[in-house]
Every structure is written in structure tokens, then in C-alpha cells.
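# Examination of the molecular architecture
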Amino acid sequence: VAACGERDTSPTLTDPATPAAVTPTPGAPPLSASARRDEVRLEALTRRVARSLRDPAFRAYVKAELDRSPFAEHKVQFQRFLHSNGRRALHDLARSNGEQEADIETDADAAIAVEMYFPVPAHRAAWTGDANLLVATAVADHEAPIAFDLQGRRQLLDPATPPAMPVLAI
């Protein structure tokens, strides 16, 4: 789910709900310090997006942007998405999470470049913009994705079997 790109890797997380330790996938090799920082940043950003998607207007906006994407799997580059349309998504994330836009922007700019999309075609086809949705991220291939429901509750997904509920990947 993570796109290629080099970014500053100094820790700048501002989300106090981010766990200090991420549960590793059983049998997976340990992550490098850089990959670990990326994982923590992406988890915090993913949780913010999930909580923001409680708002029906923001869900409709996200769906419209994904539907409009000309790229394979209707992918949207996440950092560009935050800054497009007058920074609408950045504003909505800050408002929904009770944070400053600058704090979210700092975390997003320090994270690796990522895309937002539905990796399971059936999930993309099934999601109508409703609240039946999980938002997930994973730094390494075959790693158990870390997912959040729209209340911001964290869970690990099976890396081999997608859940029945649509999963938006960041």
C-alpha cells in the first residue's frame, strides 16, 4: 500500500492515540527503524482518515475523488489529495480529529508517499459511500494490515484473506 518515495524520517507524530508499539505479524522479519517510523506515521494518518469518514459529506467527497481517478484501481495519491481542492481533506481531517491542520500536514509530509484505494476489486464495487468501511495500512508486503473502523478502533486484518467489509487502503 505504500508507494515509493524518500521522505524525511524524523518522528513528528502529533496523534496522541497512536500506540507506542505496533503488533508485528507473527513470523515476519523485524522492520528497520525507518520502516518502523513509516508504519507509525501511516497508522496515525489512517486512524485520522477513518475517524473523518464518519462524516457522510467527507465519505461522499472521498468516493467522488476515487471514482474520478484515471489511474489503475482508481488510486489517489494521498498527500496530493490532502492539498487538493483548497486543502479540503486536510481541513476535514483536522476538524474531525480535533487537531490543527499543520500537525496533520507535518505528519503526512514526513510519511512515505502513499496512495489511497480499494485493493480488492469487489470492495471497490460494493462500497457506495456508506459507513460500512474499514481503513487500513501496511508498510511491508504480506504484513497484517492495521485497520480502523470509523470510530477509530484498531484491529489487525488477515494478510491472506480480505474481510467481507470493504477496506480502503492507505
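Details of the structure are given in the entry above.
Residues numbered from 1 in each chain as written. Predicted model: local features only at pLDDT ≥ 70, side-chain atom pairs only at ≥ 80, totals over all residues. Heavy atoms only, no water.

## Brief notes about the packing of helix 2 (residues 56-68) against helix 3 (residues 78-97)
Short version of the rule: Convention adopted: a line fitted to C-alpha atoms gives each axis, helices being fitted over their contacting stretch, and angles between N-to-C directions are expressed from 0 to 180 degrees. Strands are runs of DSSP state E lasting at least two residues, helices are runs of H or I lasting at least four, and both sets are numbered from the N terminus onward. The scheme is simple: roughly parallel for angles under 35 degrees, roughly antiparallel for over 145, roughly perpendicular for 65 to 115, oblique for anything else. Crossing handedness follows the turn of the near helix against the far one: under a right angle anticlockwise gives a left-handed crossing, and clockwise gives a right-handed one. Here, residues are in contact when the closest pair of their heavy atoms is within 4.5 Å.
Running from N to C, helix 2 and helix 3 point in directions that differ by 150°, and their axes come no closer than 11 Å. Judged by the inter-axis angle, helix 2 sits roughly antiparallel to helix 3. Two packed elements cross with a definite hand, and for helix 2 against helix 3 that hand is left-handed. Facing Ala57, Phe58, Tyr61, Val62 and Glu65 of helix 2, the residues of helix 3 in contact are Phe81, Ser84, Asn85, Arg88, Ala89, Asp92 and Leu93.

## Let's talk about the packing of aromatic side chains
Going by this rule: Think of it this way: a Phe, Tyr or Trp ring, Trp meaning its six-membered ring, pairs with another when their centres are within 6.5 Å, and the plane angle makes it stacked under 30 degrees, edge-to-face over 60, tilted otherwise. For each residue, the accessible area found with a 1.4 Å probe, counting protein chains only, is set against the maximum for its type, and the residue is called buried under 20%, exposed over 50%, and partly exposed in between. Note on geometry: a ring has a charge over it if NZ (lysine) or CZ (arginine) is within 6 Å of the ring centre and within 35 degrees of the ring normal.
Enumeration according to the criterion identifies 5 aromatic pairs in this entry. Between tyrosine 61 and phenylalanine 81, the ring centres sit 5.6 Å apart and the planes meet at 25°, which makes this aromatic pair stacked. Placement of the pair is tyrosine 61 in helix 2 and phenylalanine 81 in helix 3, with a sequence separation of 20 residues. Taken individually, tyrosine 61 and phenylalanine 81 each receive the classification buried, so the pair is uniform in this respect. The rings of Phe58, Tyr61, Phe78 and Phe81 are connected pair by pair, giving a single aromatic cluster. Against the face of tyrosine 117 rests lysine 75, its NZ or CZ located 4.5 Å from the ring centre.

## Concerning the sheet that holds strand 6 (residues 167-169)
Strand pairing within a sheet occurs via backbone hydrogen bonds; the two strands may be parallel or antiparallel. Note the cut-off: Here, strands pair whenever DSSP counts at least two bridges between them.
Taken together, 4 strands build an open sheet; the order of strands is 5-4-3-6 and the sheet is mixed. The sheet terminates laterally at strand 5 (154-156) and strand 6, the two strands that pair on one side only. Across the sheet, the axes of successive neighbouring strands diverge by a mean angle of 35°, strand direction being ignored. Two strands pair when backbone bridges link them, and strand 4 (residues 146-148) and strand 5 are joined in this way by 3 bridges, in the antiparallel orientation. For phenylalanine 148, the partnering residue across the bridge sits in strand 5 and is arginine 154. Of the strands in this sheet, strand 3 (134-137), strand 4 and strand 5 are in contact with helix 1 (residues 33-52), which crosses strand 3 at around 170°.

## Re unusual backbone geometry
At glutamate 73, a residue that is not glycine, the phi angle is positive and equals roughly 60°. Along the chain, glutamate 73 turns up in the loop between helix 2 and strand 1 (76-77). Relative accessible area serves as the criterion here: at 31%, glutamate 73 is assigned to the partly exposed category. One non-glycine residue, arginine 87, adopts positive backbone phi at about 65°.

## With respect to helix 4 (residues 101-110)
Since the α-helix advances by 3.6 residues per turn, residues separated by three or four positions end up pointing in the same direction. Looking at helix 4, one finds that the buried residues are Ile104, Glu105, Asp107, Ala108 and Ala110. The inward-facing, buried residues of helix 4 contact helix 1 and helix 3.

## Description of the side chain of glutamate 65
Along the polypeptide, glutamate 65 turns up in helix 2. Residue contacts for glutamate 65: discarding those within four places in its chain leaves Val76, Phe81 and Asn85.

## Topic: the nonpolar core
Formally: Residue types Ala, Val, Leu, Ile, Met, Phe, Trp, Tyr and Cys, when buried and joined through side-chain atoms within 4.5 Å, form a set referred to as a nonpolar core.
Counting 32 residues, the largest nonpolar core has Leu53, Phe58, Val62, Phe78, Phe81, Leu82 and Leu168 as the members making the most contacts within it. Of all the elements in the fold, those that place two or more residues in this core are helix 1, helix 2, helix 3, helix 4 and strand 4. Looking at this core, the element that brings in the most residues is helix 3, giving 7 residues. Setting aside its immediate chain neighbours within four residues, valine 62 contacts Leu53, Phe81, Met116 and Leu168. In this structure, Leu134, Ala136, Ala147 and Leu157 belong to the second largest nonpolar core, which totals 5 residues.

Geometric descriptors of this kind do not, in isolation, establish any biological role.
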